[in-house]
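Observations on chain architecture
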Amino acid sequence: GKPTYILTGSRGCVRRCDFCDVYRLWPKFKTRGGEHIALEMIHHYEQKGVDTFYLSDSLINGSMKAFRELVDILLDYQAKNKVKFRWGGQFIARSNSQMSLDDYMRAAEAGLENVGIGLEHASERMRKIMRKGFDNVALHDTIHNLSKSRIFVMFNVKIILFYHNKKQNIYV
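Since the structure is predicted, the reported quantities are computational estimates derived from the model, not experimental observations. (Residues numbered from 1 in each chain as written. Predicted model: local features only at pLDDT ≥ 70, side-chain atom pairs only at ≥ 80, totals over all residues. Heavy atoms only, no water.)

**A few points about the pairing of strand S5 (residues 86-91)**
Here strand S4 (residues 52-55) pairs with S5 via four bridges, running parallel. Opposite Thr-52, over in S5, you have Arg-86 as the bridge partner. Each parallel crossover has a hand, and for S4 linked through helix H3 (residues 64-81) to S5 it is right-handed. With five bridges connecting them, S5 and strand S6 (residues 112-120) associate as parallel partners. Bridging from a neighbouring strand, Gly-88 pairs with Asn-114 of S6. A crossover connection joins S5 to the parallel S6 through helix H4 (residues 101-109); in handedness this β-α-β unit is right-handed. (Pairing = 2+ DSSP bridges. Helix = DSSP H or I, 4+ residues; strand = E, 2+ residues; numbered from the N terminus. Right-handed = clockwise from strand over helix to strand, strands pointing away.)

**A closer look at the sheet that holds strand S7 (residues 152-157)**
Strand order in the open sheet formed by five strands is S1-S4-S5-S6-S7, and the pairing between neighbours is parallel. A single partner strand is all that each edge strand has here, and the edge strands are strand S1 (4-7) and S7. Ignoring which end each strand starts from, the neighbouring axes of this sheet average 20° apart. Contacts from H3 reach S5 and S6, with the element oriented near 175° to S5. Strands S5, S6 and S7 of the sheet are contacted by helix H6 (residues 136-148), whose axis makes an angle of about 155° with S6. (Axes fitted to C-alpha atoms, helices over the stretch in contact; angles between N-to-C directions. Contact = heavy atoms within 4.5 Å.)

Put into structure tokens, the structure is as follows:
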């Protein structure tokens, strides 16, 4: 089969999860921008025929501006060149006010096929203690929109029997 190229479009994270070291490695979230990422994908397609990509970012929808720009450029290129890209990466749960069903549908049309979401825990209370940065409404909206747009999702769930938040001195 054809290879999958791994690209990096951003570094860091817009969230500050208590247990994660990403924001310590890259304290400020930085994105290359959607246009730059799309042009790299197009370059690899035109030079090597590669149409499948995995974005190694901590999250591909950390900047909605860059995400929408990537989707728009891919949609335009694919329509003009009769090609279909396939891509995926890590994702964060967002409420409908941040990321609409239309965003998901357009992303799927642009080739977004699979995302991984760090759920970490089913309890909203535990996610709040862990500083995951999303509530049950955002989780519901995300699951609903991924399902409607037929984007496959894999949830990363940790079974946590004991958790201590040192800053808040909370034991769970």
